[in-house]
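Listed below are the residues making up each chain.
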Amino acid sequence: MNNSVENRFFAIVCGALLVFVAPLFVLFLFLSSERAEKEIRDHITVLLVANSQALAKPLWDLDEDSVTQISATTVAEGAIVRVNVRDTSGQLDVTQSTIPKSYTGELEQISRPIIYTTVDGKRNLGSITVYYPALGLFDGLKHEEIVFISIFIFAVLTVFGTALIGNRIFVIQPLMRLTHAIEATRQLGSRHHVDWQSNDEMGRLARSFNEMQSKLEREETELRLAHRRATDTYNLTPAMLFSLDESDCIVAVSDYWLVATGYERIHMIGRKFASLVLPESREDYVLRKENRHDGGARLNVTVKFLCRDGHVMDVLILESTAIQNGRTLSVMTDVTDLKQSEDRNLRQAITDHLTGLLNRQGFETALDAKINEADLRGRELACLFVDLDRFKWINDNLGHAAGDAALRELVARMHERLGPGDIAARLGGDEFAILLLSEDAEKRAFEMAAGIAEIFEVPFIGDARLSASIGIAIYPLHASNASELLLKSDMAMYAKKRDGKNGAQVFNNGMLDDARRRADIEGYIENGLNEDWFEAHLQPIVNIEDRSIAGFEALMRLHHPQKGILPPKDIIDVAEETGSIIRIGNRIMEKAISGLARMQHLDGMQDAYLAINFSPIQFEPALPARIVSLLARYNIRPERIVVEITEAVLMDDNPEIRTVINEICRFGCRIALDDFGTGYSSLSYINRFPVDIIKIDQSFTRAINDTSPDVRRKSRMLIESITTLSHKMNCTVIAEGIETEEECATLVSMGLDYGQGFLFHRPKHPDALLEILTETQYHIRGAVVAQAS
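The model shown is predicted, which means the values in this text are computed figures rather than measured ones. (Residues numbered from 1 in each chain as written. Predicted model: local features only at pLDDT ≥ 70, side-chain atom pairs only at ≥ 80, totals over all residues. Heavy atoms only, no water.)

Participant: I'd love a proper account of the overall build of the protein chain, names of residues and values included.
Facilitator: Check the secondary structure of the protein chain and you find 25 helices and 23 strands. Over its C-alpha trace the protein chain gives a radius of gyration of 57 Å, far above what one expects of a compact globule, namely 28 Å for 789 residues. Here the protein chain holds 789 residues, and 41% of them are scored as buried. The contacts in the protein chain between residues at least 6 apart in sequence include a share of 61% that link residues at least 24 apart. By element, 54% of the accessible surface of the protein chain is carried by carbon and sulfur atoms, the whole surface being about 42900 Å². Mean positive and mean negative side-chain charge positions of the protein chain (84 and 112 charges, respectively) differ by 3 Å. (Helix = DSSP H or I, 4+ residues; strand = E, 2+ residues; numbered from the N terminus. Rg over C-alpha atoms; globule rule 2.2 N^0.38 Å. Buried < 20%, exposed > 50% of the residue type's maximum accessible area, 1.4 Å probe, protein only. Contact = heavy atoms within 4.5 Å. Areas by Shrake-Rupley, 256 points an atom, 1.4 Å probe, with all protein chains shown as cover. Lys, Arg positive; Asp, Glu negative; His and termini not counted. Charge placed at Lys NZ, Arg CZ, Asp CG, Glu CD.)

Rendered as structure tokens:
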């Protein structure tokens, strides 16, 4: 590399020789070779003419000896190395050669026909062919030409060597001295000068370099003095000072900083300052410049700083960015005690004392902060509203202490699923909320929901099994502010509750329509209770063989003055959630019993029973006394009342509900298991509870005559099995939803006891039903009298 200038000069000279001299030399050689080859061919041509004439007579006579002698004479010529004489008949073929066996070069050939003149004219007797070596570029050179080339090459080499020597003396040597001075300055740190004296360009360059070195030496001396004074001021200041470059790497620290943190300066220089900050606050430090709001030249941020001995300090960093070359000057203040005091007071105000999670107040504050962070970082924020299913069972059966222990255990399991930056809170009771900040918040929310579902796979205290209904809402996809985000995640959770619990549901705009509809229904319920819009319609239950009425099922209807009869399912769902189902149930039960009291005056209705559906919420301790009171008021025997319950009532296995059911049975009322066969373990309830009547769900009734043979066969087999099993346990079997004669005939053949459906009677108001039944009995009596007469 030190001789790169000389190498380039050498390359330039060589290039000039190759471009200009070499082509001329090659051209000279080519012309010489061409001249020599022409002379040889001319000489050989003359020999061929003479020898072809000499060979004519011997070849005519087929005198092989003469032909051989003449061929040998010809090949003896200096340029010719092979001669071949051949007659046209092929009888004579003579070849003479002086080519050594080791020769591998190319040969050139010249042929000439042998003509003999006879009395009949000229005849072509054969041909003579001579061979001579092909000439190279140097083969045709004469002695004079070789001498000329040698002189030419010597002259070129002389000029070339003179140019190299002159370049080295007058260019390379001063450049080498200049290079050595620069290298010595760089390696030794002192200002070296160039020892070269001349009046040419190299001398002027050397003088300029020496002057520059002298000036730089003076400036460096001044800079060292200034740096020493600045360093003394930097280190003697009683504050933790440090400086960073553009990449936030440490370029300087004060002595006081080293004493306070325990680190050594040699290990700190060049290190990223963020590596000394705990991960939980590192992002705040890294984004400190992006998050500043005043746009000024001073920044401040509070982070957790890790000292050398493992001690963690809360430090306030004030950073000045008004430093040249991208460097900053910062002062670090230990605020650990102040931060701990603030955190302690804040924690007490925003933390749930039972679980240690944020309470509702703390969650609302965290939610606002997370939304701001999502806006700044351009990310999404998922809010998971978690409500525990069947948690009330633990409190009711195991006590509130067990419920508190289960909540603490749940939170401990949940903490294992939370990542850095995730926030969990207990909003109250068995309601929790989780905030997840992510680029794809919906995906992250479903992953968290799956993790929460796994939490409940292991039983809690007392072998209690829990699950959770989770509502998910995404900011800013579903909500534009904190309150709206929490509200919509709550709405999604309730939607999942209504959809079967135990799972996650993302908010959609249809839930707003559901919320409005539910609000309207709540208004209808409240007005219906106040204005007496609720009615108890009765649907007869008939003997499936003779179709005589065996009883009635009471069905709730809300008769709105303007909208008419509203769908009962929506009313029941909302009423069960709001708790108003108890008031509605009491109102319907009283009106239904009143209707039964009027029906019993008809012929054959004295023993007809009344089936009343009860929600799980209605099984409160006062229910048996309320039933007894109504039966006494309307003079109805207890065995004529059938309490219809669903699997949801029995599956909860609440001791209070079991006590209420047993009390109702002890009083004399009967129990019917509604929608039998649609749950998870309905068969076990026949044995565990005092069930008198089994009602087969209408879905099985419709399937017994399905177009699919397989569905039809399985449905009939299932109904026959249920009927046989129920009869053996002394239970009456009723088929619901009978709508065609074909269905009725099939059920009769299976041995069912009773049926219920539109084929027989539709649900009607007791007044309308009483009028229809009275008229029917009138026509029947008239027909009997007419037949008797």
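Participant: So what's going on with the pairing of strand E10 (residues 380–389)? Which residues, and what values?
Facilitator: Where burial is concerned, most of E10 is hidden: 9 out of the 10 residues are buried. As paired strands, E10 and strand E12 (residues 431–438) are joined by 8 bridges and run antiparallel to one another. Residue leucine 384 lies in a different strand from E12, and its bridge partner there is isoleucine 434. (Pairing = 2+ DSSP bridges.)

Participant: Outline unusual backbone geometry, listing residues and values.
Facilitator: Between tyrosine 475 and proline 476 the backbone carries a cis peptide bond, its omega angle lying at 5°. Mapped onto the elements, proline 476 comes out in the loop between strand E13 (467–475) and helix H14 (482–498). Non-glycine residue aspartate 248 carries a positive phi angle of around 60°. Its place among the elements puts aspartate 248 in the loop between strand E5 (240–244) and strand E6 (250–253). Overall, the relative accessible area of 17% leaves aspartate 248 in the buried class. The phi angle at arginine 547 is positive, at roughly 65°, despite the residue not being glycine. Positionally, arginine 547 belongs in the loop between strand E15 (534–543) and strand E16 (549–560). Since its relative accessible area comes to 34%, arginine 547 is described here as partly exposed.

Participant: Please set out the packing of helix H15 (residues 510–531) against helix H16 (residues 568–578) residue by residue, giving values where relevant.
Facilitator: In the contact formed by H15 and H16, the axes pass within 10 Å of each other and the chain directions differ by 85°. Regarding the angle of H15 to H16, the classification is roughly perpendicular. Contacts from Arg517, Arg518, Ile521, Glu522 and Ile525 in H15 reach Asp570, Ile571, Val574, Ala575, Glu577 and Thr578 in H16. Taken together, the residues that form the contact of H15 with H16 break down as 5 nonpolar, 1 polar and 5 charged. (Axes fitted to C-alpha atoms, helices over the stretch in contact; angles between N-to-C directions. Parallel < 35°, antiparallel > 145°, perpendicular 65-115°, else oblique. Nonpolar A, V, L, I, M, F, W, Y, C, P; charged D, E, K, R; others polar.)

Participant: Account for the sheet that holds strand E9 (residues 328–334), naming residues and giving values.
Facilitator: In sheet architecture, strand pairing relies on hydrogen bonds along the backbone and comes in two forms, parallel and antiparallel. If you trace the 5 strands from one edge of the open sheet to the other, you get E6-E5-E9-E8-E7, paired in antiparallel fashion. What marks the edges here is a single partner per strand, and that holds for E6 and strand E7 (298–306). The sheet shows a mean angle of 30° between the axes of neighbouring strands, direction not considered.

Participant: With reference to specific residues and values, describe a negative patch on the surface.
Facilitator: The grouping of Glu439, Asp440, Glu442 and Glu447 at the surface amounts to a negative patch. Along the chain, the position of glutamate 439 falls in the loop between E12 and helix H13 (441–455). What makes glutamate 439 exposed here is its relative accessible area of 64%. (Patch = residues over 30% accessible without salt bridge, like charges linked within 9 Å, V, L, I, M, F, W, Y side chains within 5 Å. Salt bridge = Lys/Arg side-chain N within 4 Å of Asp/Glu carboxyl O.)

Participant: Now, about the nonpolar core: what can you tell me, with residues and values included?
Facilitator: Counting 72 residues, the largest nonpolar core has Phe552, Leu610 and Phe619 as the members making the most contacts within it. Aside from chain neighbours lying at most four places away, what touches phenylalanine 619 is Phe614, Val643, Ile645, Val649, Ile657, Val660, Ile661 and Ile664. In terms of nonpolar packing, the next biggest core, distinct from the first, is built from 34 residues, Leu384, Leu410, Ala424 and Ala445 among them. (Core = buried A, V, L, I, M, F, W, Y, C linked by side-chain atoms within 4.5 Å.)

Participant: So what's going on with the sheet that holds E10? Which residues, and what values?
Facilitator: The strand order across the open sheet built from 5 strands is E11-E12-E10-E13-E14, with neighbouring strands paired in mixed fashion. A single partner strand is all that each edge strand has here, and the edge strands are strand E11 (423–428) and strand E14 (503–506). The average undirected angle you get between the axes of adjacent strands in this sheet is 20°. As paired strands, E13 and E14 are joined by 4 bridges and run parallel to one another. Its bridge partner lying in E14, serine 469 is registered against glycine 503. Contacting E10, E11, E12 and E13, helix H10 (residues 360–377) crosses the sheet at an angle of about 15° to E12. Docked against the sheet, H13 engages E10, E12, E13 and E14, running at close to 25° with respect to E10.

Participant: So what's going on with the packing of aromatic side chains? Which residues, and what values?
Facilitator: Tallied over the full model, the rule gives 8 aromatic pairs. With 5.2 Å between their ring centres and 45° between their planes, phenylalanine 273 and tyrosine 285 make a pair best called tilted. Note that phenylalanine 273 is positioned in the loop between helix H7 (265–268) and helix H8 (279–286) and tyrosine 285 in helix H8, a separation of 12 residues in sequence. The exposure class assigned to phenylalanine 273 is buried, which follows from its relative accessible area of 0%. For tyrosine 285, a relative accessible area of 1% gives the class buried. With centroids separated by 5.9 Å and ring planes inclined at 50°, the aromatic side chains of phenylalanine 614 and phenylalanine 619 adopt a geometry described as tilted. Residue classification places phenylalanine 614 among the buried positions, given a relative accessible area of 5%. By the ring-pair criterion, three or more aromatic residues cluster together here, those being Phe242, Trp257, Tyr263, Phe273, Tyr285 and Phe305. Across from the ring centre of tyrosine 609, 5.1 Å away, lies the NZ or CZ of arginine 670, which sits over that ring. The ring of phenylalanine 758 is capped by arginine 762, whose NZ or CZ atom sits 4.0 Å from the centre of that ring. (Phe/Tyr/Trp six-rings, centres within 6.5 Å; stacked < 30°, edge-to-face > 60°. Lys NZ or Arg CZ within 6 Å of the ring centre and 35° of its normal.)

Participant: Residues and numbers for the packing of H10 against H14, please.
Facilitator: Across the interface, H10 lies against H14 with an axial gap of 9 Å and an inter-helix angle of 115°. The pairing of H10 with H14 is recorded here as roughly perpendicular in orientation. Crossing of H10 over H14 shows right-handed handedness. Listed contacts from H14 to Arg360, Phe363, Leu367, Asp368 and Ile371 of H10 are Ala482, Leu485 and Leu486. (Left-handed = near helix turned anticlockwise from the far one by under 90°.)

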